[in-house]
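# Overview (structure and organization)
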Amino acid sequence: MPQTTHLAQEIATQPDDWERAAGRLDEVGRHLPRPGERVATIGCGTSWFMGQAYAARREELGQGLTDAYAASEHRLARGYDRVVLISRSGTTTEVMEVVEQLRAAGTPHVSFVATAGTPVAERSDATILMDDVDERSVVQTRFATTTLALLRASLGDDLAPVAEQARAVLAEDGETAYGALLLAGQLTFLGRGWSNGIANEAGLKLRESAQFWSEAYPAMEYRHGPISIASPGRAVWAFGEVPEGLPEQVRATGAHFEHRDLDPLADLVRLHRLCLAKADAAGLDPDAPRNLTRSIVLT
């Protein structure tokens, strides 16, 4: 895979990053939620979507009630035993405000941050520093997926086969990795359970990196309206479990249906590769997405 941009270089390291992060459990596990605790996750954008995936996966595994909130729309007053915050920059205004609220309430919390010495890192109850997966690209990939990998490992998920699947995806040529999707005029992403967060993130990645029309929905909800935009020249990409009959319904519209029997986190790496190809085809620099900066600081 060509590595001419920071984003391409950061995408390529993900399998190794995940395995290395999973190996940190003995070091950081004491800061992470325990089975049975009521937990909330907090983030913005990509970090929110990683929180969604973790929250759903934690509940699927029977480890306790877990909610995922955008930092600006939380309901922490409901009461939680522990809060997990995700902020690559450590400077996002809404996340900083939540940290101060948690400190005032005395609520145990842990923050995943890529940059040491930042307000979120310094003010949090506990901080898990992820500086080895910090990024020069504005568009987040490896910091977010590696944070999710570590959180999944804490739930008992084995990340080794997931990393191997991602390595295989990275080794493919472009035609087999994403093929006709490069020519699609619109993409809709679908998920179920914890892969809903992955679908939301996939849609965001294409919008950020390639200014491309993409949407995301829970797979069972897709037929309740959004399928109306499916047509020839467009595509639907499902992560994880696919509801019975849905592929046939999508194909009946003339749209392409995309699905692989991969762990959704590994399949997200395939989407990352498509983002690079779409940006290149559009003549865009994926390291400099339109109207975006590394951190949103409100004044």
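Quantities reported herein were computed from a predicted structural model and do not represent experimental measurements.

## Details of the UniProt feature "domain: SIS" (unreviewed entry) in the protein
Under the UniProt annotation, the feature "domain: SIS" (unreviewed entry) is placed at residues 28–165. Across residues 28–165, the secondary structure splits into 38% helix and 18% strand, with the terminal C-alpha atoms separated by 26 Å.

## Side note on the packing of aromatic side chains
One pass over the full model with this rule turns up 5 aromatic pairs. Ring centres 5.3 Å apart and planes at 25° place the aromatic pair Trp48 and Phe49 in the stacked group. Residue classification places Phe49 among the buried residues on the basis of a relative accessible area of 10%. Judged by centre distance (5.6 Å) and plane angle (20°), the ring pair of Trp237 and Phe239 falls under stacked. Assigned by exposure class, Trp237 and Phe239 land together as buried. An aromatic cluster of three or more residues is present, and its members are Phe189, Trp237 and Phe239. The residue whose ring lies beneath Arg38 is Tyr80, and the NZ or CZ to ring-centre distance is 5.5 Å.

## Description of the nonpolar core
Core analysis: the largest hydrophobic core is formed by 62 residues, its most contacted members being Phe112, Leu187, Phe189 and Leu271. When neighbours within four sequence positions are excluded, Leu271 is seen to be in contact with Phe189, Ala202, Lys205, Leu206 and Trp237. Counting residues in hydrophobic clusters, the runner-up holds 15 residues, among them Ala71, Val95, Leu102 and Val120.

## Quick word on the pattern of salt bridges
The final tally for this structure, using the stated rule, is 20 salt bridges. Across the salt bridge formed by Arg20 and Asp17, the nearest N and O atoms sit 2.8 Å from each other. With a gap of 3 residues between them, Arg20 and Asp17 both fall in helix H2 (residues 14–22), about one helical turn apart. The buried category is assigned to Asp17, whose relative accessible area is 4%. A salt bridge links Glu100 to Arg123; the shortest N-O distance between them is 2.8 Å. You can see Glu100 sitting in helix H5 (residues 93–105) and its partner Arg123 sitting in helix H6 (residues 119–123), a full 23 residues away along the chain. Its relative accessible area of 34% is what places Glu100 among the partly exposed residues.

Here is what the cut-offs are and how they apply
- Residues numbered from 1 in each chain as written.
- Predicted model: local features only at pLDDT ≥ 70, side-chain atom pairs only at ≥ 80, totals over all residues.
- Heavy atoms only, no water.
- UniProt positions renumbered as here; feature names shortened; annotations may be inferred.
- Helix = DSSP H or I, 4+ residues; strand = E, 2+ residues; numbered from the N terminus.
- Phe/Tyr/Trp six-rings, centres within 6.5 Å; stacked < 30°, edge-to-face > 60°.
- Buried < 20%, exposed > 50% of the residue type's maximum accessible area, 1.4 Å probe, protein only.
- Lys NZ or Arg CZ within 6 Å of the ring centre and 35° of its normal.
- Core = buried A, V, L, I, M, F, W, Y, C linked by side-chain atoms within 4.5 Å.
- Contact = heavy atoms within 4.5 Å.
- Salt bridge = Lys/Arg side-chain N within 4 Å of Asp/Glu carboxyl O.

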